[in-house]
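Reading the structure
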Amino acid sequence: MKKVLMLGTGGTIASEVTPSGLAPALTSAELLRCVPEISSLCSVTCEELFSIDSTNVTPAHWLTIARAIRAHYEEYDGFVIAHGTDTMAYTAAALSYLIQYSPKPIILTGAQKPIVFENTDSKTNLADAFRCAVSDLRGVMIVFNGRVILGTRARKTRTVSLQAFSSINYPELAVLQNGFLMEYIRPSALPAPVFYDKLGERVALMKMIPGADCGMLSYLLEHNDAVIIESFGVGGLPSYQGSGFERVLREAMEAEKTIVMTTQVQNEGSNLSVYDVGFHLKNDLHLLEAYDMTTEAVVAKLMWILGQTRDPAEIRRLFCTPVSYDLLYLKREDKA
């Protein structure tokens, strides 16, 4: 029988009702007792890392999870992480960079309703997660509502519906129906994973709105090493007289800040070369472009990169190097 390590972190799945709303309270062992069928799938060891609402998850928590998996990697055949849904996609992306090319499955799951509720989705999600943890799947992924989604491609797209997560710009890896796993894509792996244990947390995100002031961008650049700009459509920034964005960006590039342009649009990605408002950002200022990456992946990848280097050329090379299928579309001039 295969051995699986279950890591508890809190979230809705482990929550109980309190006078001020739902709050994590149950341990991993208590969750398992609610799904007895898991005992027939594998031998499970539980470890509690923390018990928090995922709104309170920080990059330090990502490192804690990665270090726990690294410490026990040789002892187990797979790993299940019970996690809150609100920031699960960020955690999945971060773990995809901190633990690369894993030949063993590292599964994140959770629920939209606590396991103590009568009409909960927790039990199905948890059982499915363990089915994947004892399978031949590889790498970091989210298992939720019968879908298996690559860690770098997941996004929470519904706040209350049971189908909370979508795979963005990439197919689902597998689906589960009535307890059966149907695998479509098996990511590549190495005989042993490559672990990392540092993150650079000084990364900020600016979402553009019509009439946005370049002062906000200037402030974020002053207080961070990297800024991601979520622009409109395929990408661009205001160029009307007095907007000031080009001046701010030029000063930031001279100060060796890292700037990534991406899009607010969920599907199909960016392409700065299409319109004049983006062309100069790409070809004159040489800003980095996210293309088909999710914002969650861009945030996590930049933190991973800044944990390894501060050299602008190396930052560009690493960002433009696909990791765990996070980036499929690259223009020729961007390829490392």
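Residues numbered from 1 in each chain as written. Predicted model: local features only at pLDDT ≥ 70, side-chain atom pairs only at ≥ 80, totals over all residues. Heavy atoms only, no water.

Focus on the packing of aromatic side chains
Short version of the rule: Centres within 6.5 Å are what make two rings of Phe, Tyr or Trp a pair, Trp counting through its six-membered ring; a difference in plane orientation under 30 degrees is then read as stacked, over 60 as edge-to-face, and the rest as tilted. Numbering goes from the N terminus for both helices and strands, where a helix is a DSSP run of H or I of at least four residues and a strand is a run of E of at least two. Throughout, exposure labels follow a simple rule: accessible area from a 1.4 Å probe, protein chains only, divided by the maximum for the residue type, with under 20% read as buried, over 50% as exposed, and the rest as partly exposed. Here, a charge over a ring means that NZ of Lys or CZ of Arg falls within 6 Å of the ring centre while also lying within 35 degrees of the ring normal.
Counting across every chain of the model gives seven aromatic pairs. Relative to F195, the ring of Y73 has its centre 5.7 Å away and its plane inclined at 80 degrees; by these criteria the two rings are edge-to-face. Placement of the pair is Y73 in the loop between α2 (59-72) and β5 (78-82) and F195 in strand β14 (residues 194-195), with a sequence separation of 122 residues. The exposure classification of Y73 matches that of F195, with both residues buried. For the pair Y76 and F79, a centre-to-centre distance of 6.3 Å together with 65 degrees between the ring planes defines the contact as edge-to-face. The class of Y76 is buried, set by a relative accessible area of 7%. Residue classification places F79 among the buried positions, given a relative accessible area of 0%. Among the aromatic residues, those joined into a ring-pair cluster are Y73, Y76, F79 and F195. Here the guanidinium or amino end of K3 rests over the ring plane of Y76, the centre of that ring lying 5.3 Å away. Sitting over the ring of F319, K301 keeps its end group 5.6 Å from the ring centre.

Notes on helix α7 (residues 276-283)
Using the following cut-off: In this description, the arc belongs to the directions extending from the helix axis to the C-beta atoms. We call two residues contacting when some pair of their heavy atoms lies within 4.5 Å.
Within the span of α7, buried status applies to G278, L281 and K282. Buried residues in α7, looked at end-on, bunch into an arc of 95 degrees, giving them a common side. Structurally, α7 contributes buried residues whose contacts are with α6 (245-254), β17 (258-263) and β18 (288-289).

Points about the sheet that holds β17
To be explicit about the condition: Pairs of strands are assigned from DSSP output, requiring at least two bridges between the strands. Only the stretch in contact is used when fitting a helix axis, every axis being a line fitted to C-alpha atoms; angles between N-to-C directions are given from 0 to 180 degrees.
Sheet architecture is open: four strands sit in the order β15-β16-β17-β18, paired in parallel fashion. Because the sheet does not close on itself, it has two edges, and the strands there are β15 (203-207) and β18. Bridge count between β15 and strand β16 (residues 226-231): five bridges; the pairing is parallel. When the sheet's bridge partners are listed, V203 is paired in β16 with A226. Sheet strands touched by helix α8 (residues 295-306): β15, β16 and β17. Its angle to β16, the strand with the most contacts, is close to 165 degrees.

Thoughts on the pairing of β17
For clarity, the threshold we go by: Call a crossover right-handed when, viewed with both strands pointing away from you, the route from the first strand across the helix to the second goes clockwise.
Burial analysis of β17 places six of its six residues in the buried class, which makes it a mostly covered element. Of the two faces of β17, the one holding T258, V260 and T262 and the one holding I259, M261 and T263 are both buried throughout. Here β16 runs beside β17; their pairing, made up of six bridges, is parallel. Looking at the pairing, E230 lines up with T262 of β17. Taken together, the two bridges between β17 and β18 define a ladder with parallel strand orientation. Each residue of the ladder has a partner; that of V260, found in β18, is L288. In this region the chain leaves β17, passes through α7 and returns to the parallel neighbour β18; the handedness of that crossover is right-handed.

Comments concerning the environment of Y97
Worth spelling out the cut-off: As used in this structure description, the phrase polar contact means that two N or O atoms lie within 3.5 Å; if the pair is within protein, one of them must be able to donate a hydrogen and the other to accept it, and residues adjacent in sequence are counted only when both atoms belong to side chains.
Structurally, the position occupied by Y97 is in helix α3 (residues 88-98). Between the alpha carbons of Y97 and A297 there is a distance of 9.0 Å; along the sequence they are 200 residues apart. Setting aside its immediate chain neighbours within four residues, Y97 contacts T152, Y196, M293, A297, A300, K301, W304, V323 and D326. There is a polar contact of 2.7 Å between the side chain of Y97 and the side chain of D326.

A word on a nonpolar patch on the surface
Basically, it comes down to this: Surface patches are drawn from residues lacking salt bridges whose relative accessible area is over 30%; two like charges belong together within 9 Å, two nonpolar side chains (Val, Leu, Ile, Met, Phe, Trp, Tyr) within 5 Å. The Shrake-Rupley method, run with a 1.4 Å probe, gives the accessible areas here. Residue values count only the displayed protein chains as cover. Definition used for salt bridges: Asp or Glu carboxyl oxygen within 4 Å of a side-chain nitrogen of Lys or Arg.
Taken together, the side chains of V17, L22, V116 and F117 present a nonpolar region at the surface, about 340 Å² in accessible area. Structurally, the position occupied by L22 is in strand β3 (residues 21-24).

Points about the packing of α3 against α8
Just so we agree on the cut-off: An angle counts as roughly parallel when it lies under 35 degrees, as roughly antiparallel when it exceeds 145, as roughly perpendicular when it falls between 65 and 115, and as oblique in every other case. In this scheme the crossing of two helices becomes right-handed for a clockwise turn of the near helix relative to the far one and left-handed for an anticlockwise turn of less than a right angle. Gly falls in the polar group here, along with every residue not listed as nonpolar (Ala, Val, Leu, Ile, Met, Phe, Trp, Tyr, Cys, Pro) or charged (Asp, Glu, Lys, Arg).
Look at α3 against α8: their axes get within 8 Å of each other, and the N-to-C directions meet at 40 degrees. Here α3 is positioned oblique relative to α8, judged by the angle of their axes. Crossing angle aside, the handedness with which α3 passes α8 is right-handed. Where α3 approaches α8, its residues A89, Y90, A93, A94 and Y97 are matched on the opposing element by E296, A297, V299, A300, K301 and W304. Across the contact of α3 with α8, the residue classes tally to nine nonpolar, no polar and two charged.

Side note on the state of the cysteines
By definition, a disulfide links two cysteine residues through a covalent bond between their sulfur atoms. The cut-off we apply is this: A pair of cysteine sulfur atoms is labelled a disulfide when the two atoms are within 2.5 Å.
Using the criterion set out here, one finds zero disulfides in the structure. Not engaged in a disulfide, the cysteine C42 finds its nearest cysteine sulfur in C46; these two sulfurs lie 10.0 Å apart.

Focus: the side chain of K282
Here K282 lies in helix α7. Overall, the relative accessible area of 6% leaves K282 in the buried class. Here the side chain of K282 touches Y291 through a polar contact of 3.1 Å, side chain to side chain.

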